[in-house]
Amino acid sequence: RRGAGSQKNEGFPGFTFRSSTPEELTSVGCPRCTGRVFAFESERRSTEQPSISIPQLETAEETEERGRTRKEVNMDLKVAKSVQREDMSTTKFRWTHNHYFVAPENFATKSKPHDGMFEYAVDVDTLMKEFVQLAKSQPLTKEVFCDDEKKQFKIIQKTPKMKYTDVITVQFLPTKGSTPDAPMSTMAVYSRSVLGYDDLKCNKKRVEHWLAEFNKAVPPVSTSRNASV
């Protein structure tokens, strides 16, 4: 007999069923039906995705002031989530052609750098301070972090025309034979694009431009890229 809240079961003519809530099933005391409902609720809760806290690169006011689109903001959040501290000596290149890596000899163990690095007659702290200052003065850049303890610096930069986001990581190191009385230092620079396959040598141009500008402020010991660690 069909009553209020009942529905006709098309698969089994002549039979009807009434939808019940978990509270009603519990009050009736049907352990089989109650168990099914609780199992469903448990499965539903287990499939819910946990909330992930993503660091903000800028405030809502800054976003509105710059007039950026929501797509650009989401890209920044994706970058902020992905760019963590890393061991640059074990850097592995992706199969894409949108990165550029320069490092001193005996530093990289997993990938061969595209070129070597200069050696400077200053201590590591001075080298880091001067290079960070130069990198932050470049257009469309925003610092991600600067770790004085691990001597690592990371910054993002937008490309001039398309506004794509690139990530640049720099590791500052003492060179082989450096002493407290005669400090010598160098660095490893890894620039890569977040999206795309080919960067049209954008990352290479960036790194080489930054190094050329930096060498004017802090001249290297030699024009040869023969620094070793």
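Given the structure is predicted, the values throughout are model-derived calculations rather than measurements. (Residues numbered from 1 in each chain as written. Predicted model: local features only at pLDDT ≥ 70, side-chain atom pairs only at ≥ 80, totals over all residues. Heavy atoms only, no water.)

1. Considering the overall build of the protein
Secondary structure summary: the protein contains 6 helices and 7 strands in total. Reading the protein from its N end, one meets helices and strands in the order β-β-α-α-α-α-β-α-β-β-β-β-α. Residues counted as buried form 36% of the 229 residues belonging to the protein. Contacts in the protein between residues far apart in sequence, at least 24 positions, make up 56% of those at least 6 positions apart. Only carbon and sulfur atoms are counted for the fraction: they give 53% of the accessible area of the protein, which is about 14,800 Å². (Helix = DSSP H or I, 4+ residues; strand = E, 2+ residues; numbered from the N terminus. Buried < 20%, exposed > 50% of the residue type's maximum accessible area, 1.4 Å probe, protein only. Contact = heavy atoms within 4.5 Å. Areas by Shrake-Rupley, 256 points an atom, 1.4 Å probe, with all protein chains shown as cover.)

2. Topic: the nonpolar core
Ranked by internal contacts, the top residues of the largest apolar core, which has 24 residues, are Phe-172 and Met-187. When residues of this core are traced back to their parent elements, those giving at least two are strand E3 (99-102), helix H5 (124-136), strand E5 (152-158), strand E6 (165-174), strand E7 (185-193) and helix H6 (202-217). The element contributing the most residues to this core is H5, with 7 residues. Not counting residues up to four positions away in its chain, the partners in contact with Phe-172 are Val-124, Leu-127, Met-128, Phe-131, Val-132, Lys-151, Phe-153, Thr-186 and Met-187. By size, the runner-up hydrophobic cluster in this structure holds 7 residues, among which are Met-88, Ala-103, Leu-173 and Ala-188. (Core = buried A, V, L, I, M, F, W, Y, C linked by side-chain atoms within 4.5 Å.)

3. Observations regarding the layout of surface pockets
Taken as a whole, the largest pocket holds about 530 Å³ of empty space. Residue lining of the largest pocket: 22 residues in total, with Thr-159, Pro-160, Asp-166, Asp-199 and Cys-202 positioned closest to the centre. Mapped onto the lining of the largest pocket, the elements with two or more residues apiece are E5 and H6. Here the lining of the largest pocket gets 4 residues from one element, more than from any other, and that element is H6. Looking at the lining of the largest pocket residue by residue, the class counts come to 10 nonpolar, 5 polar and 7 charged. (1 Å grid on protein atoms, 1.4 Å probe; cavity = no way out; pocket = protein on both sides within 12 Å on 5 of 7 lines; lining within 4 Å. Points joined across faces, edges and corners; volume = space filled by probe spheres on them. Nonpolar A, V, L, I, M, F, W, Y, C, P; charged D, E, K, R; others polar.)

4. Considering the pattern of salt bridges
The tally for this structure, following the rule as stated, stands at 6 salt bridges. With a closest N to O distance of 3.3 Å, Arg-225 and Asp-115 form a salt bridge. With Arg-225 in the segment after H6 and Asp-115 in the loop between E3 and H5, this pair connects stretches of sequence that are 110 residues apart. Taken together, the shared-partner salt bridges connect Asp-115, Glu-208 and Arg-225 into one network. (Salt bridge = Lys/Arg side-chain N within 4 Å of Asp/Glu carboxyl O.)

5. Observations concerning H5
The end-to-end C-alpha distance of H5, which contains 13 residues, comes to 18 Å, matching closely the 18 Å that a straight helix rising 1.5 Å per residue would cover. Restricting attention to buried positions, one finds in H5 the residues Val-124, Leu-127, Met-128, Phe-131, Val-132, Leu-134 and Ala-135. Along the axis of H5, the buried residues cluster in a sector spanning 160°; they form a single face. Exposed residues lying more than 90 degrees from the buried face of H5 are Lys-129 and Gln-133. Between the side-chain oxygen at the start of H5 and the backbone nitrogen of Asp-125 there is a gap of 3.1 Å, and the oxygen is on Asp-123. (Expected span 1.5 Å × (residues − 1). Arc of directions from axis to C-beta. Polar contact = N/O pair within 3.5 Å; in protein donor to acceptor, adjacent residues only side chain to side chain.)

6. Looking at the confidence of the model for the protein
Of all residues in the protein, 63% have pLDDT values of 70 or greater, and the mean over the chain is 77. Of the regions scoring below 50 in pLDDT, residues 25-29 engages in 7 contacts with residues more than four places distant in sequence or in other chains. (pLDDT = per-residue confidence, 0-100.)

7. Some points on the side chain of Ser-89
As for its placement among the helices and strands, Ser-89 is situated in the loop between helix H4 (70-82) and E3. For Ser-89, a relative accessible area of 15% translates into the label buried. At a separation of 2.6 Å, a polar atom in the side chain of Ser-89 contacts the side chain of Asp-87. Apart from residues lying up to four places away in sequence, Ser-89 is in contact with Phe-107, Ala-108, Thr-109 and Lys-110.

8. Describing the packing of aromatic side chains
Scanning the model with the defined rule gives 5 aromatic pairs in all. Between Phe-101 and Tyr-190, the aromatic rings sit 5.5 Å apart at their centres with planes inclined by 70°, giving edge-to-face as the arrangement. Linking Phe-101 in strand E3 with Tyr-190 in strand E7, this pair joins segments that are 89 residues apart in sequence. With a relative accessible area of 0%, Phe-101 lands in the buried category. The class of Tyr-190 is buried, set by a relative accessible area of 4%. Aromatic pair Phe-131 and Phe-172: ring centres 6.1 Å apart, planes at 65°, arrangement edge-to-face. Of this pair, Phe-131 sits in helix H5 while Phe-172 sits in strand E6; the two residues are 41 residues apart in sequence, bridging distant segments of the chain. As far as burial versus exposure is concerned, Phe-131 and Phe-172 are alike and both buried. (Phe/Tyr/Trp six-rings, centres within 6.5 Å; stacked < 30°, edge-to-face > 60°.)

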